[in-house]
Structures are given as structure tokens and as C-alpha cells.
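# Descriptive structure summary
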Amino acid sequence: LAVLLSISNLVSAQKINPIDTLNCPISQNELLLKGKNFASAPPILLRVFNENFEYSVLQFGKRENKIYLYFKIFTDNVCIKQKQPLELYFKTGEMYVLKNSYSVNCDGTAIIQLRRRDFKKLMNNSINSIKFFTLKKDYEFSPNSKDNQNIKEYLNCLKLYKIKKR
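Description of the structure in this document. Quick caveat, the model's predicted, so the values are computed rather than measured.

Definitions and cut-offs
Residues numbered from 1 in each chain as written. Predicted model: local features only at pLDDT ≥ 70, side-chain atom pairs only at ≥ 80, totals over all residues. Heavy atoms only, no water. Helix = DSSP H or I, 4+ residues; strand = E, 2+ residues; numbered from the N terminus. Contact = heavy atoms within 4.5 Å. Areas by Shrake-Rupley, 256 points an atom, 1.4 Å probe, with all protein chains shown as cover. Axes fitted to C-alpha atoms, helices over the stretch in contact; angles between N-to-C directions. Parallel < 35°, antiparallel > 145°, perpendicular 65-115°, else oblique. Left-handed = near helix turned anticlockwise from the far one by under 90°. Patch = residues over 30% accessible without salt bridge, like charges linked within 9 Å, V, L, I, M, F, W, Y side chains within 5 Å. Salt bridge = Lys/Arg side-chain N within 4 Å of Asp/Glu carboxyl O. Buried < 20%, exposed > 50% of the residue type's maximum accessible area, 1.4 Å probe, protein only. Polar contact = N/O pair within 3.5 Å; in protein donor to acceptor, adjacent residues only side chain to side chain. Core = buried A, V, L, I, M, F, W, Y, C linked by side-chain atoms within 4.5 Å. Expected span 1.5 Å × (residues − 1). Arc of directions from axis to C-beta. Pairing = 2+ DSSP bridges.

Bringing the overall build of the chain into the picture now. Broken down by element type, the chain carries 3 helices and 10 strands. Reading the helices (α) and strands (β) of the chain from amino to carboxyl end gives α-β-β-β-β-β-β-β-β-α-β-β-α. The long-range fraction of contacts in the chain, counting pairs at least 24 apart against all pairs at least 6 apart in sequence, stands at 58%. When the accessible surface of the chain is summed, it comes to about 10,200 Å², and 53% of that surface belongs to carbon and sulfur atoms.

Structure representation (C-alpha cells):
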């Protein structure tokens, strides 16, 4: 009987999805993005450095098996070109550049599909500052330690999350 119970526990332990062991705040609803299901992590709000009332949001999402970084500045008429850089300065002093893959727009939105090396770089480093260059103004943001912790948690959760077909 003891052998049967241990085999039963072993079989049920193998069925545990790794994401089920984490407290992941990932959400997926009925909405589609370009006709495909997607999931997203909660937004991380950032205040523009040396400004009182200018903010942006950094958010991670997943569509199919690809993880994206969404960045939006909440200021009117912020025009962004395709391939516009988002510079990340890590606490180690290293600078890392991500390039906007979203089309030219003046609503302050940048979307970056994270490659494997981008993902690893974000998981293995803490961001000291973010610089975002637009056509009229350059913006700088300073994520705090909680923001850096959330970035790593959200990326890990999205990596493990399986998109549900609806």
C-alpha cells in the first residue's frame, strides 16, 4: 500500500505546471490582439525623471510564444519612430539598447519583441535608468528596486505561462 501511495504521489507531482507553484499575476481575457490570444502582466508605472506630472507605463505581455515589452508615455503628441531606441542602463554601468518594432506613431507607444538574449539580460540585471528618445524630447526614468523585482517576476511568469485558446 505504501508503494502504491508513493507511486500515486509521484505521478501527480509530475503533472504540476511550474507556474502553479508561483504566485503569478498574469491575466488573459477574451480580447484578441491582431486576432490572437494574449496575456499580460500588471503595468509598472514610471515617473519621468525631474518632472512632476509626466508618466509612462512599462508592461510585459505574451502572444503565441513571444514575450513583448510595451512602453507608453502619457503625454500628448509624443511621436516615436520605428527602430527608436529604448536605452537601459544597468546598475553594473552597462548600457543595453532595445529598438521599437512598432510602426511610427504619435501616441507615445513603443513595442519591443524580446529576443532570448534580451530576456536573459533583463533577468540577470537590475535597471538603474531607462532613456527613451522621441522626435521632440528625450525622457528618462529611474525604476526602483520594487520595479526591478517586478520586472523579473513578471518575465519569469510570462515565460512559464501557456496562452489559453478561447
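The next thing to look at is the packing of helix 2 (residues 116-124) against helix 3 (residues 145-160). Any two packed helices are characterised by the angle at which their axes cross and by the distance between the axes. Closest axis-to-axis distance for the helix 2/helix 3 pair is 9 Å, and the angle between their directions is 140°. The angle between helix 2 and helix 3 places the two elements in the oblique class. You can see that helix 2 and helix 3 cross each other, and the crossing is left-handed. Along its contact with helix 2, which presents Phe-119, Leu-122 and Met-123, the element helix 3 presents Lys-152, Leu-155, Asn-156 and Lys-159.

Taken together, the side chains of Leu-45, Tyr-55 and Phe-74 define a hydrophobic patch exposed on the protein surface, amounting to about 330 Å² of accessible area. As for its placement among the helices and strands, Phe-74 is situated in the loop between strand 5 (66-73) and strand 6 (85-90). Look at Phe-74 and you get partly exposed, because its relative accessible area is 47%.

Let's shift gears to the environment of Gln-28. Looking at the element boundaries, Gln-28 is found in the loop between helix 1 (2-14) and strand 1 (32-33). Sequence spacing of Gln-28 and Ser-40 is 12 residues, and the spatial spacing of their C-alpha atoms is 6.6 Å. Side chain to side chain, Gln-28 and Tyr-161 meet in a polar contact 2.9 Å long. One polar contact links the side chain of Gln-28 to the main-chain carbonyl oxygen of Lys-164, over a distance of 2.6 Å.

Looking now at the nonpolar core. Formed by 37 residues in total, the largest nonpolar core has its most connected members in Phe-60 and Phe-71. Excluding its chain neighbours within four sequence positions, the residues that come into contact with Phe-71 are Leu-46, Ser-56, Val-57, Leu-58, Leu-86, Gly-108, Thr-109, Ala-110, Ile-130, Phe-132 and Phe-141.

What follows covers helix 3. Residues spaced three or four apart along an α-helix face the same direction, because each turn holds 3.6 residues. In this model, helix 3 (16 residues) spans 23 Å end to end at C-alpha, consistent with the 22 Å of a helix rising 1.5 Å per residue. When helix 3 is considered as a whole, its buried residues turn out to be Asp-147, Asn-148, Asn-150, Ile-151, Tyr-154, Leu-155, Cys-157 and Leu-158.

Below, the discussion takes up helix 2. Within the span of helix 2, buried status applies to Asp-118, Phe-119 and Leu-122. Angularly, the buried residues of helix 2 cover 100° about the axis, an arc narrow enough to put them on a single face. Turned more than 90 degrees from where helix 2 packs its buried face, Arg-116, Arg-117 and Asn-124 sit exposed.

The next point concerns the sheet that holds strand 10 (residues 138-141). The 4 strands lie next to each other as 7-6-9-10, forming an open sheet whose pairing is antiparallel. Of all strands in the sheet, those with a lone pairing partner are strand 7 (95-99) and strand 10, marking the two edges. Averaged over all pairs of adjacent strands, the angle between strand axes in this sheet comes to 20°, irrespective of strand direction. Strands in contact with helix 2 are strand 6, strand 7 and strand 9 (127-133); relative to strand 7, the strand with the most contacts, it is inclined by about 135°.

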